[in-house]
Amino acid sequence: MFPNAAPAESARTPLPPAAPVSNWSVALYRKAEATVPLNSTDISQGSIPQQIYGSFYVQLQQQACSTSPSRSDVLLFRYQQQQQRNTADSYISPFTVSQLTDMKLSAETAPLSSTTTATRPPNLDQQTSSSDSSDNPPTLLLRAKAFLGVLVLNSSANSVTANTAGIIRPFLIFVTDEVFIGQLFDAYIFRISQVATISLRDNPEDEVFVSGIKKLFQGRCFYYATYIKTELDTNNNKPYFNKPYDITLCAQRMVQGHDSDIRFFWNRGLCLPLLKFNIDIRYWIPKVMCGGIETYRNPNEDIELWLISRLSCERAGTRFNVRGVNDDGAVANFVETEQVVFLPGQKNYSSFVIVRGSIPFFWHQPRFQVGAHRITISRSETLSFKSFFEHFKHLYRHYGRVLIVNLIDQRDDEKRVGDEYRNLFELLVKTYQSKQKKAKVSLNYLSEKDFVWFDYHEHARQMKGLTPEQIIDRMLIQNSQYSIRTELQQQSLFTYIDGNTKSLQQGVFRINCIDCLDRTNNVQLTLGMVICTMQIESLQRKVDVNNLVNHLRDMWINNGDHISRIYTGTGAIGQRSKAKDIQRNFGRAIQNSLRDDEKQQSIQTLIYSYAKDSYLHERSVAALLTPYVIADGIILSEMFRLRERFVKKEKIRISLGTWNINGDKNPALEDEYASILNAWILDGPENMSAKDGKINGDRIPTIGYVSADYTKTMPDILAIGFQEICDLTASNMVWQSSVNATRWVDNVEAHFKKSYPNDEYILLGNDQLVGVCLAIFIRRDLAPFVKNIMVDSVKTGMGGKIGNKGCVAIRLVLYNTSICFVCAHFTAGQSQVNERNSDYKSIMEKLSFQPPSRAVWHDHIFFLGDFNYRLTIPRQHVEQFVKNSAYGQLLEYDQLRKEHSEGRVFREFNEGPVQFPPTYKYDVGTDFYDTSEKARTPSYTDRILWRSILPNVQTKQLYYGRAEVKTSDHRPVSAMFDVEVEICDESKMHQEFINIYERFKPSNAQLMFHLKSETNLRKNQLIEEFDTYVRKKYGLDVTIVDRFFTTYHKHALLNMFFQNGEQARKVSEPKNDQLSNGLNFSKRLVNLNEEFALHQKLNLLFADANETMYPESIAYDLGTYQQPSRESLSTLQDVTVAGVVADGGESTQTATETNDGEKPELDIQKLEAIRDAQRAYEQRRRTYGDIFEHISDSDSDDINNDEDKRSTKSSTHSDSDAPTSTDTDSPYGSDSESSSSYDEYYAKRQIPKKKVHRHHKGPFKSYIEERIGNWPKYRYKKYKRHHMKKQGIQINYGNIHTKEIKHSLKDEKRARKRDETHTTTVLNLVGDVAKQTAFLSLDPEHPITPTELEKVSLASSKSLENEQTPTKSTSAFRKMKQKIKKSFKRQHKISSQQLTDEDGPIAPNSDAASYTSGGEDILKMNRSFEKH
């Protein structure tokens, strides 16, 4: 979310060395002061009411050096109520920061500005009333260990318009408690254990907004360092480095004198608000690192071991919310671990760096899923390769040589991921190998041999009885098949002896598994033990190596716990006892299900706080480059205004189509897809001249509007939307069928490949919500320039509970322009206008993506679908208008036009000329409108609207019409647009950023007015006089942000802040002036070192490409991106961008084939598990109104227990990468998914449909709904009606919808019972064999009949169920299980009775051998059934 993108050329200038800070302690004071509201009215009209707010003073407790801030220097924070909201066009910070000198603060005394009358000009405050809060003494709030910065939150609510105001809530964050870790080099290392947050709004209720931030900081994973003061001499106390120790840098980079590594600078977002006011943060705020630090000291041998793991903040998050890579090349769970062997007495040390990170392409893994957690590759190689390239470009340039060690399995889903990983790396090698040989022949890097695939689990299974370290050492490090030993020698170590660098590390190991946790921990541990011996040898020190290695092993285990705790919420698995592993597996399931979403949002807020939920900043994600997102809002606003200077525009063709296909019931469409797609999407303008109205003709006619300057070109982007792509039955609302959607997408792709081989299109993404489906295709040559692909959907049926109505939306960024497509289906009915308006409002408020997060915050929005707005005149009038082609007059009676013109829906949207007849409702296969008894009025229900937010970006509609396809009661509608997209010139944009900064300096925009004469006016009256002076003399376009009084050398000073430095410079002239009452004063700007301030800001925004761990690794730079050939990149991907595979292929098959190729036998256990889950799912949905998956019957529990036993048995060599929990929507982060996928593969195998994902429901909301579901029905109805009245929602339905769905479900269930087989039992499985075969009895006089056998089987099943039924039900879910079992018993009785009545006794067969074999088969199957 906070990628480490940098300009093409290095934009950082090294800062002058800062004096080391040995104590970060601060004291915080609060002083109640009166704030005069900012008002442009004349003060003569009356006095302006005052408001009392708290001003906060942050005071250092110790001075770093003579030139740094001292204890008399104070940071003054003042909040302004009037500036607490931002708009779409501007962003003014609601607080100001001033660095005041010569301030004396204590718990007993007030600031110098109001301490004694002797320090103020005479009579300045003699008439101040006792209620004047300016003389109130300050109050000491707390003494803190460190000040971490300012967290700025924007709580901008979603809206139907882009110009949304949001309340800005700033907080001061302090460390109140810490844990001492140890002394490393010349620094003390501390871990943060407790933080305090102070609201600048002085509102205790704001604390709820930062509760997650406090939990995050208190999670035992954040560290900072302080300098150790020593008496220096020329020998023993010489400093280790030429600058204070920086916890974000490894030792090798510290020796080279680099600035902070912003990848590991977690609180840099908290520092940016202070940089606006030119505060030198190096003396006020320590750098905070997230990760883990372990240390061991052996005083007898004068040696220390340090293990420092630094987690990157570029793509930080939790396990299932953040996976793979993002569009900037940053990967999830990227950790740089540094192993240091330190000799304090000699000041010699050796360091080695190793990294881990998620597999660098786009993939995800759902949380909530029964059975195997299938990994889904969400983008094809074509869409992933550029991000893959960016990731390795940064690695090679930063570290030098890179050896990839891939630890995932070479089977099942992990094999697919591993193959994709290896294919992309080999393609990277082939693409850039020729270039590297020409440029640097001697380097010999970037080879296919640098990819090592080591199947950790397979080797662990083969080498039973060995520890993980022994397996890795023997099968990986010592194995000549791999180049680990050779690579260790080539990469070398960083060794520093006697003040000189002996050797440099020249490369890095990149190790990964699925989660980069447990398997990675074991491999890095083993490598660390080998490297430790090498480090001791390089330091030429004789020590007890075995003792050190044993302690190092414990450190690596603890280090794995630290990294795992951040990513999953629990410690690592596979390195301690089996009981501990089981406990942590269970803890991970709870953490992933209930807490990860809150933690993910807190991480994103901490990193991205300065811009989160701000329209201006979030739009910058697409319109500008990533580092500018957190820049100052005033500068960003100006960059948008002047963006013509650094962007160029290109036109793209976008074609859109929407069609309500009425369940897609016509099988004759199979051979007509080509002609339908051509007329509907591609050749609409050309087919307007077609005469043949038959579908079987070569061309299907179209009707509509065509622009005069239309020219035929193939579209660059196609958006195809469907409504009612499957029947809107009750079962489809629960288990949506994607068979039709998959068929349409496949046919579109096949049509393009066959008919347009030179214009290759790839599926960018598609998603489905019951009957609403949206698919986006894009030209292949545009794939490298597409990023930030996101999908979301909103349910609007029954108040947002079901998905029979709603929308699907797909967002993308092409070049530097964001485009959002929304396909919707609104409430039907002639008079339901308010419901349709409510559907639109709900969609626009609930749609949410990663930034830009709001739908209306995109540059272009296309809204298509069946909106169901009707015509309000009688049918005969409509037909007359249609007959006369008077479509313009007809639209005067259109409900959508009326609601749109009155601003109730689609505000700021446009619609092209409608020059075609109404598209609804036709008799299928004819040109006649509805001839049924209802005789519905024809209407324009199917529409396409659009909106472009930028006035200087042109969007022109070229075509708007319909195709005469008669297979549905709707006609398909399509539109074509020429849309301008912007492409930023990176170097020009960066230069413009600097130019704007120079123009707006001083960035603090602070002006001081020195009073030269006495006055009898109060302070507030003087402030009002100066406000009037500024407005009258310099105009109302000068914005005053804040003003307050201080004193300096017995002179009163009025400090006034403006919107930007340009306005402050304007007001500063002339230097001397007087007020209308004759009071003389002089003016001066508060000028700080602007050049230093600019460099400090750039160093926090951009990474310096030249600051690398190994100086010569710059030669390893891959250079500019090169797109590989079309043949080398695949366009295949698993499912949609948002889709989640419902079931694993092998885990849910009901038949298995023997090795000998014999006839498959039914797997009773798996069949029962599927059916039990299906029944439990349905029962729970009906009881609770929620969608969950639970295996409810005892057989399924046995299955789970068996699986647990098998997993526990191999837990010594297992990896927690196999997910243990299920998935909800992530509010940010990462790469969230929207809906399930049930394709033809599963349909053919009769695998039950399952709904794996629920939209807009977190664990808390689901829990509340469960509780509500247990209330009596009348109480739920009463609560629902009360809530709707309170929210002003019109109550237009009672129980009718609920009853209809229940009755429909019952009818469908009865129909299925008539068609389906009976409940699965042993007798059912043998089927017809039991009806035709008698069974051998041991007693010849009493042969066993099928009916008797059935009774015995039924009795045994009853006894088995009675044994497994709990005696006491303590939860709602257990009650549900009992109900299911009762219904299961009833089904047994019914089936038994039916068999007894219908089938008579079967005559015994004379063939005794057949009796025996048949009986043996039955007994064998019965034993198998009982066993499971």
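Residues numbered from 1 in each chain as written. Predicted model: local features only at pLDDT ≥ 70, side-chain atom pairs only at ≥ 80, totals over all residues. Heavy atoms only, no water.

Asker: Give me the lowdown on the overall build of the protein, citing residues and values where you can.
Answerer: Along the protein, the regular secondary structure elements total 35 helices and 42 strands. Sorting the 1428 residues of the protein into buried and exposed places 61% on the buried side. When the accessible surface of the protein is totalled, it reaches about 57300 Å², and 49% of it is carbon and sulfur. (Helix = DSSP H or I, 4+ residues; strand = E, 2+ residues; numbered from the N terminus. Buried < 20%, exposed > 50% of the residue type's maximum accessible area, 1.4 Å probe, protein only. Areas by Shrake-Rupley, 256 points an atom, 1.4 Å probe, with all protein chains shown as cover.)

Asker: Break down the sheet that holds strand 23 (residues 702–706) for me, with residues and values.
Answerer: With respect to topology, seven strands assemble into an open sheet ordered 23-32-33-22-24-26-25, the strand pairing being mixed. Each edge of the open sheet is held by one strand with a lone partner, namely strand 23 and strand 25 (761–769). Pairwise comparison of adjacent strand axes, ignoring direction, gives a mean angle of 20 degrees for this sheet. Across six bridges, strand 24 (residues 717–723) lies against strand 26 (residues 772–779) in antiparallel orientation. Its bridge partner lying in strand 26, Leu718 is registered against Phe777. Contacts between helix 14 (residues 673–682) and the sheet are confined to strand 22 (647–660), strand 23, strand 24, strand 32 (955–963) and strand 33 (973–984), with strand 22 contributing the most and set at about 130 degrees to the helix. Against the sheet, helix 16 (residues 739–755) contacts strand 22, strand 24, strand 25 and strand 26, and its axis sits at roughly 20 degrees relative to strand 26. (Pairing = 2+ DSSP bridges. Axes fitted to C-alpha atoms, helices over the stretch in contact; angles between N-to-C directions. Contact = heavy atoms within 4.5 Å.)

Asker: With reference to specific residues and values, describe the sheet that holds strand 27 (residues 786–797).
Answerer: The strand order across the open sheet built from five strands is 27-28-29-30-31, with neighbouring strands paired in mixed fashion. Strands with a single pairing partner mark the edges of an open sheet, and in this sheet they are strand 27 and strand 31 (942–948). Taken over all neighbouring pairs, the strand axes of this sheet differ in orientation by 15 degrees on average, direction set aside. Pairing of strand 30 (residues 860–866) with strand 31 involves seven bridges; the strand directions are antiparallel. Its bridge partner lying in strand 31, His860 is registered against Ser948. Contacts from helix 17 (residues 833–846) reach strand 27, strand 28 (802–814), strand 29 (817–825) and strand 30 within the one sheet, and its direction differs from that of strand 27 by about 140 degrees.

Asker: Provide a residue-level description of the confidence of the model for the protein, including the pertinent values.
Answerer: In this model, the protein carries a mean pLDDT of 76, and residues with pLDDT of at least 70 account for 69%. Across residues 40–48, where pLDDT falls below 50, the model places nine contacts with residues more than four positions away in sequence or in other chains. In this model residues 107–134 is a low-confidence stretch, pLDDT under 50, and it forms 64 contacts with partners more than four residues away in sequence or in other chains. (pLDDT = per-residue confidence, 0-100.)

Asker: So what's going on with the packing of aromatic side chains? Residues and values would help.
Answerer: In total, this model carries 62 aromatic pairs according to the counting rule given. Stacked on the ring of Phe320, the Lys or Arg Arg323 has its end atom at 5.0 Å from the ring centre. Just above the ring of Tyr922 sits the side chain of Arg971; from NZ or CZ to the centre is 3.9 Å. (Phe/Tyr/Trp six-rings, centres within 6.5 Å; stacked < 30°, edge-to-face > 60°. Lys NZ or Arg CZ within 6 Å of the ring centre and 35° of its normal.)

Asker: Any details on the nonpolar core? Residues and values, ideally.
Answerer: Ranked by internal contacts, the top residues of the largest apolar core, which has 109 residues, are Phe77, Phe147 and Leu172. It is strand 7 (residues 146–156) that provides the largest number of residues to this core, a total of seven residues. Setting aside residues up to four positions removed in sequence, Phe77 forms contacts with Ser55, Phe56, Val58, Thr96, Val97, Phe147, Val150, Leu172, Leu200 and Leu274. The next biggest cluster of nonpolar side chains, apart from the first, holds 86 residues, and it includes Val353, Met463, Met475 and Leu552. (Core = buried A, V, L, I, M, F, W, Y, C linked by side-chain atoms within 4.5 Å.)

Asker: Which residues make up unusual backbone geometry, and what are the values?
Answerer: Geometrically, the link from Tyr920 to Lys921 is a cis peptide bond, its omega value of 5 degrees lying close to zero. Position of Lys921 among the secondary structure elements: in the loop between helix 20 (895–901) and strand 31. For the bond from Glu1069 to Pro1070, the omega torsion is -5 degrees, close enough to zero to count as cis. Turning to its location among the elements, Pro1070 is positioned in the loop between helix 23 (1061–1067) and strand 37 (1072–1074). Despite not being glycine, Asn333 shows a phi value in the positive range, around 50 degrees. Among the secondary structure elements, Asn333 is positioned in the loop between strand 12 (303–311) and strand 13 (335–343). Phi is positive for Asp498, which is not a glycine, with a value near 55 degrees.

Asker: Kindly report on the packing of helix 7 (residues 468–477) against helix 9 (residues 518–539), identifying the contributing residues and their values.
Answerer: How two helices sit against one another is set out by the angle between their axes and by the gap between those axes. Between helix 7 and helix 9, the shortest axis-to-axis distance is 9 Å and the interhelical angle comes to 75 degrees. When the interaxial angle is binned, helix 7 and helix 9 end up roughly perpendicular. In contact with Pro468, Glu469, Ile472, Asp473, Leu476 and Ile477 of helix 7, helix 9 contributes Asn522, Val523, Leu525, Thr526, Leu527, Met529 and Val530. Of the residues in the contact of helix 7 with helix 9, the class split is nine nonpolar, two polar and two charged. (Parallel < 35°, antiparallel > 145°, perpendicular 65-115°, else oblique. Nonpolar A, V, L, I, M, F, W, Y, C, P; charged D, E, K, R; others polar.)

Asker: An account of the pairing of strand 5 (residues 95–100) is needed here, citing residue identities and associated values.
Answerer: For strand 5, the buried fraction is high: five of the six residues fall into the buried class. Relative to strand 5, strand 3 (residues 74–79) runs antiparallel, the two being bridged by six bridges. The residue bridging Leu75 from the neighbouring strand is Gln99, located in strand 5.

Asker: Could you give an account of helix 14, naming the residues involved and the relevant values?
Answerer: Because the α-helix completes a turn every 3.6 residues, residues three or four places apart line up on one side. Among the ten residues in helix 14, nine count as buried, and that is most of the element. Tyr673, Ser675, Ile676, Leu677, Asn678, Ala679, Trp680, Ile681 and Leu682 are the residues of helix 14 that are buried. Tucked into the core, helix 14 has its buried residues touching strand 22, strand 23, strand 24, helix 16, strand 32 and strand 33.

Asker: Any chance you could break down the pattern of salt bridges for me, citing the residues and the numbers?
Answerer: Where charged atoms from two side chains of opposite charge come close, those side chains can pair. Per the stated rule, a full pass over the model turns up 57 salt bridges. Residue Glu902 is joined to Arg904 by a salt bridge in which the shortest nitrogen-to-oxygen separation is 1.9 Å. Close ionic contact of Asp1073 with Lys1033 constitutes a salt bridge, the shortest N to O distance being 2.4 Å. Of this pair, Asp1073 sits in strand 37 while Lys1033 is found in helix 22 (residues 1019–1034), placing the two residues 40 residues apart along the sequence. On the accessibility criterion, Lys1033 (44% relative accessible area) is partly exposed. (Salt bridge = Lys/Arg side-chain N within 4 Å of Asp/Glu carboxyl O.)

Asker: Tell me about the environment of Leu383, and name the residues and values.
Answerer: The residue Leu383 is located in helix 4 (residues 381–399) in this model. Classification of Leu383 by relative accessible area gives buried; the value is 5%. A sequence separation of 400 residues divides Leu383 from Ala783, and the C-alpha atoms of the two residues are 5.6 Å apart.

Asker: Give a description of the side chain of Asn788 that names residues and reports values.
Answerer: Within the secondary structure, Asn788 is located in strand 27. Residue classification places Asn788 among the buried positions, given a relative accessible area of 15%. When neighbours within four sequence positions are excluded, Asn788 is seen to be in contact with Asp327, Arg379, Val621, Arg811, Leu812, Val813 and Pro851.

Asker: Describe helix 17, with residues and values.
Answerer: Relative to the 20 Å expected for 14 residues at 1.5 Å per residue, helix 17 spans 20 Å between its end C-alpha atoms, a close match to the ideal helical length. Along helix 17, the residues classified as buried are Val833, Glu835, Arg836, Asn837, Asp839, Tyr840, Ser842, Ile843 and Met844. If you follow the buried residues of helix 17, they end up packed against strand 27, strand 28, strand 29, strand 30 and helix 20. (Expected span 1.5 Å × (residues − 1).)

Asker: So what's going on with the packing of helix 3 (residues 268–275) against helix 24 (residues 1090–1101)? Residues and values would help.
Answerer: Two numbers describe how helix 3 lies on helix 24: the axes approach to 10 Å, and their chain directions differ by 155 degrees. Put simply, helix 3 runs roughly antiparallel to helix 24. Helix 3 and helix 24 meet at a crossing whose hand is left-handed. Each of Arg268, Cys271, Leu272 and Leu275 in helix 3 lies in contact with helix 24, whose residues at this interface are Gln1096, Lys1097, Leu1100 and Leu1101. Residues belonging to the contact of helix 3 with helix 24 are distributed by class as follows: five nonpolar, one polar and two charged. (Left-handed = near helix turned anticlockwise from the far one by under 90°.)

Asker: Describe the pairing of strand 28, naming the residues involved and giving the relevant values.
Answerer: Of all 13 residues in strand 28, 13 are buried, a share of seventy percent or more. Strand direction decides the pairing type here: strand 27 and strand 28, joined by nine bridges, are antiparallel. Note on strand 28: the bridge partner recorded for Val791 is Ile810. Where strand 28 lies against strand 29, nine bridges are found, and the strand directions are antiparallel. Along strand 29, the bridge assignment pairs Leu814 with Thr817. Linking two consecutive strands that pair antiparallel, namely strand 28 and strand 29, is a turn of two residues; a positive phi of about 60 degrees is found at Tyr815 within it.

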